[in-house]
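Report on the structure
One letter stands for each residue in the lines below.
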Amino acid sequence: MSLSLKIKAFARPSVLLVAALTLSACATSQDVATRSNGINDPYETQNRKVHAFNKGLDKNLVRPVAQGYGVVPVEMRNTVNNFSENLGMPGVAINSLLQGDLRGTGIATLRFVMNTTIGIGGFFDAADELKIPAHDTDFGETLSVWGVGEGAYIELPVFGPSTQRDTVGLVVDFFTNPLTYNTLDGDAELIPPTAKGGAVLNDRERFSDTIDSVLYESTDSYSQSRLIYLQNRRFELGQEAREDVDPFAADPYEDPYAE
Amino acid sequence: MLSNLNRRDFFLSTAAFALLTAQPALALTETDARKLVDEVVADIDRVISSGQSDSAVLREFEKLFVRYADVNIMAQYALGADGRSASASQKRAFNDAFTGYIARKYGKQFRDFIGGRVEVQSARQIKAGYEINTLAYLRGDGPFEVSFHVSDKSGRNKFFNIFIEGVNLLLTERSEIGSMLDRRGGDINAMIADLKKAG
C-alpha cells in the first residue's frame, strides 16, 4: 500500500467518526419525540420496502445457498466461522479499548494471538480450548458506551435490522478494521468478506428453524424482526431495559391487559 | 389527552398499590423457583431424548407447558388490550388455541437442544416472584442466556415468561397476536381460528 493510500485510510475513519457523531446527535434528539412502546420507527414505510426486498433475497438466494452449504461437513463450516471471527478480533480489541473495557481488550488480543498462532491462522479456536472466554463488540456498542442514543430503527438492504447508531457503527467498523483495511492488498482483500459470507451462510443454516419461523411463519415478519432485533440488541448492550424503557416488561399479574 | 393519561396512570398505580398491599408476603422462595426450572429442564430433556415421533414430542411439550407455565396469565397478556372486550368463552377458546400454538412454535425449536444442556446460573427477585437465569449450551454452540420468570400468583409455582438472549417471549407473542388481530380487522373469533393453524 502506498503512503498516500495509507494516509487516506487513516483520514477516512476520522471523517466517518465526525459524521457518526453528528448523525448520532440527531438520533439522540429524536429518541423521545417519536418513540412509542420503546420502538422508534419514523421510517417504517421505507423500512417495510427494504424488508420485502431482504425477504426476497433470503428466499431466493441466501436460504437455498445456505441449505446447500449445510451439506459441507460441520467441522469445515466451523473452521470458516473461526477464521472469520479471528479476523474481526483486532477490531474487537480496539472497540473494547475505546469503551474503557480493558478486560475485553485483553481477551480479544489474547484470542487473536492464540488463534493466529496455535490455531493456525485462525482456523481453529484454540483460545476456546484453553477456556479463554468469548468476547465480541463493535463500534455501535462503543457509541452506546459513549452515551450516543440508539436513534431510529432502520432495516438495511442485505444487512437487515439495524438502528441509526448501529448503522454508523457498521460503516466505521468496516473502514477501520486494522487488519483488513490497512494490511491486505489485491486479491487478499477478498478473503475477509468471503469468510464472512461463509460464516453468515453457516449461521443462516444453523438457526434455520428460528429464522424461518420469524420470516415466513409470522403474520407480520417486519414487526417481529424489528421487535426481536431491538430487544436482543439492547440486551447485548447491557441496557437492562426490562423495567423502565420497556413498558411491556411490567408485571403481567398487575394488569395483563395494560397497553 | 395529557390529563387523561395522568388520570389513567394514577388509577393504575393506585390499583397496583392496592393489589400489592392487599397481598400476603410472597410464599415463593428462591429455592422453589430454582426447583421449578430444574424440573422443567429435566422434563424437556427427557422428552427430547425419548426418541418419539415429532408429533408425539409436540404433544408432550403441550402437556409440559400446561403443567409448568401459567398459561392463563400468559394468554391474557398476549391478547393484550383487546382482551378487555372479549367474552368469557372467547377467552377460553383463545387460551386453548394459544397453548397449542406456543407448544408447536417453540417445541419445534427445542429440537435444537438435543445433546445440549441447560445450567441454572443465578436468581434475582422480581415483582411477581423470581427470575432464574440459565445458560443453554447447544451442541457445538452457544451458550445462550435463557431466563425464566417464576411466580406463585396463580396459586401454584409456575413460570409466566421466558427471555431468550433478551428477547421477551410474552412481548414478542403479544405483538404477533396483535398483528393477527389487525389482519382480521379486530375480529377475535377469526384470529383464534387462525391461531389454531399457526405455529
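None of these values were measured; they are calculated from a predicted model.

**Structural notes on the nonpolar core**
Core analysis: the largest hydrophobic core is formed by 51 residues, its most contacted members being M74, F94, F98, V150, F159, I177 and M191 of chain B. Examining the composition of this core, we find that eight residues originate from one element, helix α2 (residues 30-48) of chain B, more than from any other. Every residue in contact with F159 of chain B, bar those within four places of it in the chain, is listed here: L36, V40, F65, Y68, A69, D70, M74, F148, H149 and V150 of chain B. I39, L227 and Y229 of chain A together with L171 of chain B belong to the second largest nonpolar core, which has seven residues in total.

**So, the side chain of D194 of chain B**
Residue and element names in this part refer to chain B. Here D194 lies in helix α7 (residues 188-197). Residue D194 is classed as buried on the basis of its relative accessible area, which comes to 8%. With near-sequence residues (within four places) excluded, D194 lies in contact with M180, R183 and R184.

**Quick look at the confidence of the model for chain B**
Residues and elements named next belong to chain B. Taken over all residues, the pLDDT of chain B has a mean of 84, while the share at 70 or more is 83%. Highest mean pLDDT in chain B belongs to α7 (95); lowest belongs to helix α1 (residues 2-22) (51). Contacts for the low-pLDDT stretch residues 19-24, under 50 throughout, to residues beyond four places or in other chains number three contacts. Here the complex is predicted with pTM 0.82, and the ipTM for its interfaces comes to 0.81.

Reading guide: rules and limits
- Residues numbered from 1 in each chain as written.
- Chains lettered and ligands numbered in written order.
- Predicted model: local features only at pLDDT ≥ 70, side-chain atom pairs only at ≥ 80, totals over all residues.
- Heavy atoms only, no water.
- Core = buried A, V, L, I, M, F, W, Y, C linked by side-chain atoms within 4.5 Å.
- Buried < 20%, exposed > 50% of the residue type's maximum accessible area, 1.4 Å probe, protein only.
- Helix = DSSP H or I, 4+ residues; strand = E, 2+ residues; numbered from the N terminus.
- Contact = heavy atoms within 4.5 Å.
- pLDDT = per-residue confidence, 0-100.

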